[in-house]
Amino acid sequence: MATPAFQFTTKANISTFGGTLLKLTHDSAVLGSTMALNVFFPPGALGRSTPKVPVLWYLAGLTCSGDNGAEKGFFNYWAAKYGIAVVYPDTSSRGSNHPGEHDAYDFGSAAGFYLDATKEPWSQNYQMETYITDELPAALYSYFIVLDSSRVSLMGHSMGGHGALTLFFKHPGKFKSTSAFAPITNPSKCPWGEKAFSGYLESKEEWAKHDATELIKTYNGPEFDILISCGLADEFLKGGQLLIDNFVAAAKKVGRESQVTVKYAANCDHSYYFVSSFAQEHVEHAAKHLGVL
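Now for a description of the structure that goes with this document. The structure displayed is predicted, hence computed values, not measured ones.

1. Some thoughts on the pairing of strand 5 (residues 85–88)
Part 1: Of the two faces of strand 5, both are covered, the one formed by Ala85 and Val87 as well as the one formed by Val86 and Tyr88.
Part 2: Pairing between strand 4 (residues 53–59) and strand 5: three bridges, direction parallel. Residue pairing across strands places valine 55 opposite alanine 85, the latter belonging to strand 5.

Structure, rendered in structure tokens:
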């Protein structure tokens, strides 16, 4: 291992599908708190330096942490098969204890929305975009040198699907691919997004910078191949929180409809029963773009 930017502490070392899942903690300067995460290493990867393995990040949704996808998503089985490492970060800063931070499931703790807050007091440490795209990957790739920082993909669920789409568009070329399970695709026009953006962002003019439906309209990076899966029995699809049709319409308007594939699954809801059912398809989508399939 190379000298790290900061130290990771291993809380658990778990053998699974021939690989290893590490439960880690570290102190984040960006978030001003101690953070926990999970990292899955495919068989034979942990402890070596070459050959390097590609990396797939999974961003979880509201109320979740880095444990949910690692323990219930069934991604590790398929990642082991294709020789991919999977990073499962947390969903918000922890322990700042701002007034109201822990009062609701859809704002504050476990609801960071993968953006950098600009409104006080949240701007002090709710800097999830910088954490996910800069601080944490730099530290991980330095500490675990078997991770290939040149081959990285991104996926997420619900709020994490929002994060996977927006971070992909906002950082062209950083990720080889992105995909999403039941993502919040037009947060500027849904109750979850309106609440989060009103709380975290200084002005409404900033909202479009964190909205996939708006970002696809102005994106000018490399061509992409986005996969979205959603259950037709998803209560949040029916309730107007996801607004996937708005995202598809925006893609069509800018001539990128062929670069977005949306697959609806009959009888599936918003839960990890749905996510785990389509884990194979999403890991294989990333594997194709990471050059291992």
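Once you've had a look at it, read on.
2. Re the pairing of strand 6 (residues 147–157)
In regular strands, side chains alternate between the two faces of the sheet.
Part 1: Most of strand 6 sits inside the fold, with eight of its eleven residues counted as buried.
Part 2: Alignment of strand 4 against strand 6, held across six bridges, turns out to be parallel. Paired with valine 53 across the strands is leucine 147, a residue of strand 6.
Part 3: As judged from the four bridges shared by strand 6 and strand 7 (residues 178–181), these two strands associate in the parallel manner. Along strand 7, the bridge assignment pairs glycine 156 with alanine 180.
Part 4: As a crossover connection, the stretch from strand 6 through helix 4 (residues 159–170) into strand 7 is right-handed.

3. Side note on helix 4
Along an α-helix, residues three or four positions apart point the same way, because every turn accommodates 3.6 residues.
Part 1: Across its twelve residues, helix 4 extends 16 Å between first and last C-alpha, which sits within 8% of the 16 Å expected from 1.5 Å per residue.
Part 2: Most of helix 4 is tucked away: eleven of the twelve residues are buried.
Part 3: Residues Met159, Gly160, Gly161, His162, Gly163, Ala164, Leu165, Thr166, Leu167, Phe168 and Phe169 constitute the buried set of helix 4.

4. Concerning unusual backbone geometry
Part 1: In this model, threonine 50 is joined to proline 51 through a cis peptide bond whose omega is -10 degrees.
Part 2: The topology assignment puts proline 51 in the loop between strand 3 (33–41) and strand 4.
Part 3: In this chain, glutamate 120 is followed by proline 121 through a cis amide linkage whose omega measures 0 degrees.
Part 4: On the secondary structure map, proline 121 appears in the loop between strand 5 and helix 3 (128–143).
Part 5: A positive phi angle is found at threonine 63, which is not glycine, with a value near 75 degrees.
Part 6: Counting through the fold element by element, threonine 63 comes out in the loop between strand 4 and helix 1 (66–72).
Part 7: In the Ramachandran plot, alanine 182 falls in the positive-phi region, its phi being about 45 degrees despite a non-glycine side chain.
Part 8: You can see alanine 182 is positioned in the loop between strand 7 and helix 5 (191–200).
Part 9: Overall, alanine 182 belongs to the buried group, its relative accessible area being 0%.

5. Here we look at a nonpolar patch on the surface
Part 1: A contiguous nonpolar patch, built from Phe17, Phe74 and Tyr77 and spanning about 290 Å² of accessible area, is present on the exposed surface.
Part 2: With respect to the helices and strands, phenylalanine 17 occurs in the loop between strand 1 (9–16) and strand 2 (19–28).
Part 3: For phenylalanine 17, a relative accessible area of 40% puts it in the partly exposed group.

6. Considerations on the pattern of salt bridges
Charged atoms that come close allow side chains of opposite charge to pair.
Part 1: Using the criterion set out here, one finds nine salt bridges in the structure.
Part 2: With a shortest N-O distance of 2.7 Å, glutamate 129 and lysine 170 are connected by a salt bridge. Taken together, the positions of glutamate 129 in helix 3 and lysine 170 in helix 4 put the pair 41 residues apart, joining distant regions of the chain.
Part 3: Under the relative-accessibility criterion, glutamate 129 is labelled buried at 10%.
Part 4: Accessibility expressed as a relative area gives 22% for lysine 170, which makes it partly exposed.

7. What about the packing of helix 2 (residues 75–82) against helix 10 (residues 279–290)?
Part 1: One can describe the packing of helix 2 onto helix 10 by two numbers: an axis separation of 9 Å at closest approach and a directional angle of 35 degrees. As helix 2 runs across helix 10, the sense of the crossing is right-handed. Across the interface between the two elements, Phe75, Trp78, Ala79 and Tyr82 from helix 2 touch Ala279, Gln280, Val283, Glu284 and Ala287 from helix 10.
Part 2: Grouping the constituent residues of the contact of helix 2 with helix 10 by class yields seven nonpolar, one polar and one charged.

8. Details of the state of the cysteines
Part 1: Taken as a whole, this structure holds zero disulfides when the rule is applied.
Part 2: Cysteine 64 takes part in no disulfide bond, and the closest cysteine sulfur, belonging to cysteine 230, lies 16 Å away.
Part 3: Take cysteine 64: its relative accessible area is 8%, and that puts it in the buried class.
Part 4: Left unpaired, cysteine 190 is separated from the closest cysteine sulfur, that of cysteine 230, by 13 Å.

Conventions used here
- Residues numbered from 1 in each chain as written.
- Predicted model: local features only at pLDDT ≥ 70, side-chain atom pairs only at ≥ 80, totals over all residues.
- Heavy atoms only, no water.
- Buried < 20%, exposed > 50% of the residue type's maximum accessible area, 1.4 Å probe, protein only.
- Helix = DSSP H or I, 4+ residues; strand = E, 2+ residues; numbered from the N terminus.
- Pairing = 2+ DSSP bridges.
- Right-handed = clockwise from strand over helix to strand, strands pointing away.
- Expected span 1.5 Å × (residues − 1).
- Patch = residues over 30% accessible without salt bridge, like charges linked within 9 Å, V, L, I, M, F, W, Y side chains within 5 Å.
- Areas by Shrake-Rupley, 256 points an atom, 1.4 Å probe, with all protein chains shown as cover.
- Salt bridge = Lys/Arg side-chain N within 4 Å of Asp/Glu carboxyl O.
- Axes fitted to C-alpha atoms, helices over the stretch in contact; angles between N-to-C directions.
- Left-handed = near helix turned anticlockwise from the far one by under 90°.
- Contact = heavy atoms within 4.5 Å.
- Nonpolar A, V, L, I, M, F, W, Y, C, P; charged D, E, K, R; others polar.
- Disulfide = S-S within 2.5 Å.

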